[in-house]
Amino acid sequence: MIRTIGRRVIFFFLSSLISLLFISGSVFGIEPPSPAAYGVRMEQAWIPMKDGVRLAATLYMPDGAKAGEKFPALLEYLPYRKDDGTAAGDYPKHAYFARRGYVSVRVDIRGFGASEGAPPEREYSEQEQVDGEQVIWWLAHQAWSNGNVGMFGISWGGFNSLQMAMRHAPGLKAILAIDATAELFHDDVHYVDGMAHIDEFELNMDMAEGWTGAPDYTSDEKVLGPRFETPPWSLLYLKHQHDGPFWRERVRPLKEITIPSFLIGGLLDGYRDNVPDMLMQASGPVKAIVGPWNHTYPNEAEPGPQIEWRNEAVRWFDHWLKGHDTGVEHDPRLVIYMQHWHAPDPSLENVPGEWRREEVWPPKDARASTLFFQPNHLLAESAAQADTHQLKYVPSIGVEAGFWWGELLSDVRPVDAFSLVYDSAPLQADVAILGRPHALLRASASAPLADWFARLSDVAPDGTVTQITGAGINGAQRDSMSEPRDLEPGKVYPLDIEMHLTSWVFPKGHRIRVAISNALWPMMLPSPYSMTTSLELGGNNGSRVVLPVVPEHGAAAPAFSLPEPSEQRTDVKSEGFPWPGEWTAERDEARHKTTVHWKGQESGEYPWGKEIDYENLTYEADDAHPETCSVRGEAESVFTLKGRTLTWRGHLLVTTDQKNFYYTYTRELLKDGTMIKSKTWQDTIARDHQ
């Protein structure tokens, strides 16, 4: 036994040492990543499209290059206004790459920021993708270019990196996608888990469509008019309430991605499931890092631990775009953070845990552990006796469980109180999970439409509950997300709720909890019928949870660098960020109504003036009348410029009854407090199994 342990220790030590040597470049033939050998020079450029529209680009050039020296290009392609909105945050990334021998390029998509043209009719449009191919071609054929282009970005920039890889854009040789997904219906912010979702993003984008670019913010009707008149995207999305061509024609199967893909994800980010999907399905080389982060870059992550990612990006792109053997092909396919228990705390600075490496997905040493729901509300490994558990639908529960499947939370017992809850006995030893748990339910409802939500939590000996992960399913989409069908009241259906990617170590003495509910508001809009739902227990097919159990300690992972100091521009400054913002809940117990207030704010300073952005959302639900709910959003951006003040406003109102969504959106522009432009869109949209 001692010899066996000794061999394991030696193996883990040697594998860790070899990984570290590969990263440091100490192994013969492995080259270190490009050093910071250049200065940085910013150049503004126009990139012509075939239809005559020009896209605005900022090129972060390596300064001090030798005559005739060639560089790869790194493209970040966004609608978020490079000259003001993201200017402060762009510089630390793009300057880092420019100093290491890349022309790092930030391009506004057409109709946004400084680029010409009208905004596309939607996110990730065919127009955006066609333009993107032309941008890549232009970058690959510049005099300074070695012909190789990479793409990178977080969120939108990661989304279109994946999409351009799917299109096999000529010249695109590798990508780095951070907090991104290709599942536009199931995973994006419009329909989370297939259910209608409205948050800060709609407020931001619907108003931003109507802006003109810095520093002039022209009110010339030729520029302002097409932007201001563009219909709000949230209206279009509300008209497509299930999966199908509208969502699918924008993307291709992940197996279409044949170029090398580096993925960075967060266990508190709503898009994290793309990482295991890519590991299993992409045709090209895939490398992934998943930390305990929300929707942010790892060097700025809250909570931490923070790591430096830009040096990993340089190693990646050096290999695929410069032809340097930096050892990335010897890196683990996946390095992921195993989260250890922590008390629920929205202000947690660092998640306790450890990094581990996995070479295949699912992990080769994972095993499925099934726990059955018992009549006494315990979880046990043995099949239960037959029983039925009923739950009255309460539409207004869920705010303590988060605004999407991520973010640090407070104790979720207020949500558990209105859920069917099943707890294990106190654990006799630590239990570690890594992957996507499944809640396999046998469920029925007394109404033709119902949603089910399953949440996995850790219950400490003192009763504290820390939510780990969860997911939901729209009952009408039980067989098909593209062809929803009513439920037959009273009929029992098998439901497979695949929870979102997680890792966790349940300590000895803690309990494993599964909570089942029919609402998770305001993350999802409530389904419109009063009802009672039921879970069927008993036998090997009774309601149960399947956990992906792994050894508590995995193979050692390479050590990451701590965040490096970031260069900052001295002429721009940004403070705050709308998300995740702040929220409060108000419950009117006498009238059975609940209101949730959310707000966020950010500001910026530029050579030409100041900007301050305010956003707030008010969600209302009525437990006595689940068909009536509302979302009211107000956004305002004030630009204080030389000699004038411009104010853009957006007003969003969505209300419901049993049959329809009622939509109103107003976009406004004021100059020095006087309204100079206003437009309102109103529509009634039939509920389509939502």
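Small disclaimer: the values here were computed from a predicted structure and weren't measured.

A. Structural context of the overall build of the protein. Secondary structure assignment for the protein yields 11 helices and 34 strands. Taking 26 Å as the expected radius of gyration for a compact globule of 690 residues, we find that the protein reaches 26 Å, a close match to that expectation. Structurally, the protein occupies a C-alpha span of about 80 × 75 × 40 Å along its principal axes. Each of the 690 residues in the protein was classed as buried or not, and the buried ones make up 61%. Contacts spanning at least 24 positions in sequence make up 74% of the contacts within the protein whose residues lie at least 6 apart. In the form shown here, the protein has an accessible surface area of approximately 26300 Å², with 52% of it arising from carbon and sulfur atoms. In the protein, which carries 64 positive and 94 negative side-chain charges, the distance between the mean positions of the two groups comes to 3 Å.

B. Spotlight on the pairing of strand β10 (residues 286-291). Burial of β10 is extensive: 6 of the 6 residues sit out of reach of the surface. Every second residue of β10 is oriented toward a common face, with V286, A288 and V290 on one face and K287, I289 and G291 on the other, all of them buried. Pairing geometry for strand β9 (residues 261-266) and β10, over 6 bridges, is parallel. Residue L263 lies in a different strand from β10, and its bridge partner there is A288. Traced from β9 through helix α9 (residues 274-281) to β10, the parallel crossover comes out right-handed. As paired strands, β10 and strand β11 (residues 334-339) are joined by 3 bridges and run parallel to one another. Bridge pairing in β11 links A288 to L334.

C. Representation of unusual backbone geometry. Of note, the bond from E302 into P303 is cis; its omega dihedral lies within 30 degrees of zero at 10°. By the element assignment, P303 lies in the loop between β10 and α10 (310-322). A positive phi angle, close to 60°, is found at S155, a residue other than glycine. Within the fold, S155 resides in the loop between β5 (145-154) and α4 (156-166). Although it is not a glycine, H377 adopts a positive phi angle of roughly 70°. With respect to the secondary-structure elements, H377 resides in the loop between β13 (367-373) and β14 (378-380).

D. Structural view of helix α6 (residues 221-228). When we look at burial in α6, the residues that qualify are L224, G225, R227 and F228. Buried residues belonging to α6 abut β32 (644-656), β33 (660-671) and β34 (674-686). Its side-chain oxygen at 2.9 Å from the backbone nitrogen of K222, D220 defines the N-terminal cap of α6.

Parameters and conventions
Residues numbered from 1 in each chain as written. Predicted model: local features only at pLDDT ≥ 70, side-chain atom pairs only at ≥ 80, totals over all residues. Heavy atoms only, no water. Helix = DSSP H or I, 4+ residues; strand = E, 2+ residues; numbered from the N terminus. Rg over C-alpha atoms; globule rule 2.2 N^0.38 Å. Buried < 20%, exposed > 50% of the residue type's maximum accessible area, 1.4 Å probe, protein only. Contact = heavy atoms within 4.5 Å. Areas by Shrake-Rupley, 256 points an atom, 1.4 Å probe, with all protein chains shown as cover. Lys, Arg positive; Asp, Glu negative; His and termini not counted. Charge placed at Lys NZ, Arg CZ, Asp CG, Glu CD. Pairing = 2+ DSSP bridges. Right-handed = clockwise from strand over helix to strand, strands pointing away. Polar contact = N/O pair within 3.5 Å; in protein donor to acceptor, adjacent residues only side chain to side chain.

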